[in-house]
Amino acid sequence: MSIRTICCIGAGYVGGPTMAVIADRCPGIQVTVVDLNQARIDAWNDPDLSKLPVYEPGLDAVVGRCRGRNLHFSTAVEPAIAAADMVFLSVNTPTKTKGVGAGQASDLRWIEASARQVAACAQGHTIVVEKSTLPVRTAETVQAILSAAQGDGASGSSPKTFAVLSNPEFLAEGTAIPDLEQPDRVLIGGDDPAAIEALAGVYGQWVPSDRILRTNLWSSELSKLTANAFLAQRISSINSIAALCEATGADVQEVAHAIGADSRIGGKFLKAGPGFGGSCFQKDILNLVYLCGHYGLHEVAAYWQSVVDLNGWQQHRIARLVVQRLFGTVTGKRIAVLGFAFKADTNDTREAPAIRICQDLLEEGAQLAIHDPKVSEAQIAADLGENLGDGWQRVATPVQAAEGADALLILTEWHDYVELDWRALAAVMRKPSWLFDARNIANAAQARAAGLQVWSVGCG
Ligand code: NAD
Ligand code: UGA
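So, a few notes on the structure that sits alongside this text. (Residues numbered from 1 in each chain as written. Chains lettered and ligands numbered in written order. Predicted model: local features only at pLDDT ≥ 70, side-chain atom pairs only at ≥ 80, totals over all residues. Heavy atoms only, no water.)

Looking now at helix α12 (residues 298–325). The first and last C-alpha atoms of α12 sit 40 Å apart over 28 residues, in line with the 40 Å expected at 1.5 Å per residue. Where α12 terminates, the next one or two residues include F327, which has phi positive at roughly 60°. (Helix = DSSP H or I, 4+ residues; strand = E, 2+ residues; numbered from the N terminus. Expected span 1.5 Å × (residues − 1).)

Now the structure itself:
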């Protein structure tokens, strides 16, 4: 079966960029991305491409090429499903906040609602693709919902039939476009060979065939959780060693380089920092922990839980360390916070380490001057919450942040912070002044030469 029309439910960080690249690489396929959120769809349709709701380098160019040609953004969910040969489910799957599994299990209400919508609106044969990250065996639920509608059909039209595939997404924010254009691999899980080949045929239009992996449904669902768990585990591992480096005089960057040179270990994902953030690592590991508990594998659950625990510890450790170095109190002291996004090249702040670290410092009474090139004041306010009051302000430049500050704390590895003018910053800070570099990106020698005392993560 060759695919001519695709509908994607969910116009978020994954649905938007993924469908834009499919439309770009498959001019023969009409792609419609639908969402219930009118403001989000309006932003995707904004003639000014700098106002797209997701900031990703290169995304504006891809959307500019395809939008209106074979890429459409709409809130009209039903007709888009009805017209589609293939429907991607790319809705949010956050951690449950209440009920059974609260704090660990994924909240599947949006996946279930979108599956029900597909069951109600699809016409003829429809391939349903799980793009969201889901607990193992979710496809069973999706299949059950779709099966109940199977065979229905308006008079004169062919009866409804469905096939379900799992096709998790491995893109990272900030590099979404290159990750989608040249993926390490595309994973397709399923038990219907024709459906698997139809989806492989879509990706095959730009992805080399040896990079398209086929597995059963459960392996595909579990591989996504496992990939994120392994990546996050490397970060917790290196952050644990960073603390030991600081205690012993070793340098975590030298250690990372030395171990990464072993081809069995590899050099990527070994940067010590303020802990991992982002919408998925924590959520997906907690989901894995919940699943292990569900299957009675309590030691396995505890093993993965420790990866999340170490991450939280690292964030509190950095906040505590700032307080200690500033003579044990930060009450009333101004601290310049450089970077609020969970990583560079994104406006996303979900689970950003900056949130917890800033909250800890605000609780200690600090006055924070926060700079981030992409994160808005409204977003920072939403993340820090109302309880911590007005102990912070967003400023437009690093120099403004530094004015009168006792310390400068780098939390996101924005390129702008690599080449800061340390003389200019030191000149406006209160002395003795500190640089706390939680990303190891600043030029520590220049900062010291300008008179600052320097702490860099993992440098003993
Ligand atoms: P998101 O919150 O940015 O987007 C999800 C969108 O789905 C929202 O705009 C929401 O309004 C919409 N939605 C929910 N229910 C709907 C319904 N019934 N009908 C229409 N629209 C509906 O989420 P995201 O970051 O794009 O993540 C989506 C999934 O992809 C998650 O499972 C996530 O774990 C996974 N994932 C995310 C990333 C990432 O980098 N963000 C990477 C890989 C995988
Ligand atoms: C991550 C994975 O890399 C993607 O493969 C996956 O698809 C995605 O999660 C998902 O499922 O959502 P993402 O969270 O966008 O992507 O970004 P990463 O580059 O993985 O960074 C995650 C966090 O780890 C960031 O806070 C980053 O600063 C931190 N990190 C990363 C480190 O502290 N050290 C490193 O060496 C690498």
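Attention now moves to the site of ligand 2. Taken together, 19 residues sit near ligand 2, with F170, L171, E173, C280 and R439 positioned nearest. Within the backbone of L171, one N or O atom sits 2.7 Å away from an oxygen atom of ligand 2. The contact in question runs from an oxygen atom of ligand 2 to an N or O atom on the side chain of R439, over 2.7 Å. Coverage of ligand 2 by the protein amounts to 90% of the 700 Å² it exposes when considered alone. Element by element, the count of residues in the shell around ligand 2 is highest for helix α9 (residues 217–248), at four residues. (Near = heavy atom within 4 Å. Polar contact = N/O pair within 3.5 Å; in protein donor to acceptor, adjacent residues only side chain to side chain. Areas by Shrake-Rupley, 256 points an atom, 1.4 Å probe, with all protein chains shown as cover.)

This part covers the pattern of salt bridges. Any two side chains of opposite charge can pair, given that their charged atoms come close. By the definition in use, this model includes 16 salt bridges. The partner of K131 in a salt bridge is E169, with the nearest N and O atoms 3.0 Å apart. Taken as a pair, K131 in the loop between β5 (125–130) and α6 (138–149) and E169 in the loop between β6 (161–166) and α7 (176–181) lie far apart in primary sequence, 38 residues in all. Assigned by exposure class, K131 and E169 land together as buried. A salt bridge links D284 to K283, with the nearest nitrogen and oxygen atoms 2.9 Å apart. The same class applies to D284 as to K283, namely buried. (Salt bridge = Lys/Arg side-chain N within 4 Å of Asp/Glu carboxyl O. Buried < 20%, exposed > 50% of the residue type's maximum accessible area, 1.4 Å probe, protein only.)

Evaluation of the coordinates by the stated rule reveals eight aromatic pairs. Seen in terms of ring centroids, F269 and F281 are 6.3 Å apart; in terms of plane orientation they differ by 65°. Their pairing is edge-to-face. Note that F269 is positioned in the loop between α10 (252–260) and α11 (281–294) and F281 in helix α11, a separation of twelve residues in sequence. For F281, a relative accessible area of 14% translates into the label buried. Between F436 and W455, the aromatic rings sit 6.4 Å apart at their centres with planes inclined by 45°, giving tilted as the arrangement. Note that F436 is positioned in strand β13 (residues 434–437) and W455 in strand β14 (residues 453–456), a separation of 19 residues in sequence. Assigned by exposure class, F436 and W455 land together as buried. (Phe/Tyr/Trp six-rings, centres within 6.5 Å; stacked < 30°, edge-to-face > 60°.)

Moving on, we get to unusual backbone geometry. In this chain, K431 is followed by P432 through a cis amide linkage whose omega measures -5°. Here P432 lies in the loop between α16 (422–428) and β13. A positive phi is found at R137, a non-glycine position, where the angle reads about 85°. Here R137 lies in the loop between β5 and α6. The phi dihedral of E351 is positive, around 55°, even though this residue is not glycine.

Moving on: the nonpolar core. Core analysis: the largest hydrophobic core is formed by 66 residues, its most contacted members being I335, L361, L368 and L408. Top contributing element to this core by residue count: helix α13 (residues 353–363), with six residues. Judged by nonpolar contacts, the second largest core, of 46 residues, contains I6, V21, L71 and L199. (Core = buried A, V, L, I, M, F, W, Y, C linked by side-chain atoms within 4.5 Å.)

Moving on, we get to the packing of α9 against α12. Orientation of α9 relative to α12, taken along the N-to-C sense of each, is 45°, at an axis distance of 9 Å. As far as their axial angle goes, α12 and α9 are oblique. In the packing of α9 onto α12, the handedness of the crossing is left-handed. Note on element contacts: α12 touches α9 through Y303, W304, V307, L310, N311, W313, Q314, R317 and L321, opposite A229, F230, A232, Q233, S236, N239, S240, A242, A243 and E246. Of the residues belonging to the contact of α9 with α12, the class tally is eleven nonpolar, six polar and two charged. (Axes fitted to C-alpha atoms, helices over the stretch in contact; angles between N-to-C directions. Parallel < 35°, antiparallel > 145°, perpendicular 65-115°, else oblique. Left-handed = near helix turned anticlockwise from the far one by under 90°. Contact = heavy atoms within 4.5 Å. Nonpolar A, V, L, I, M, F, W, Y, C, P; charged D, E, K, R; others polar.)

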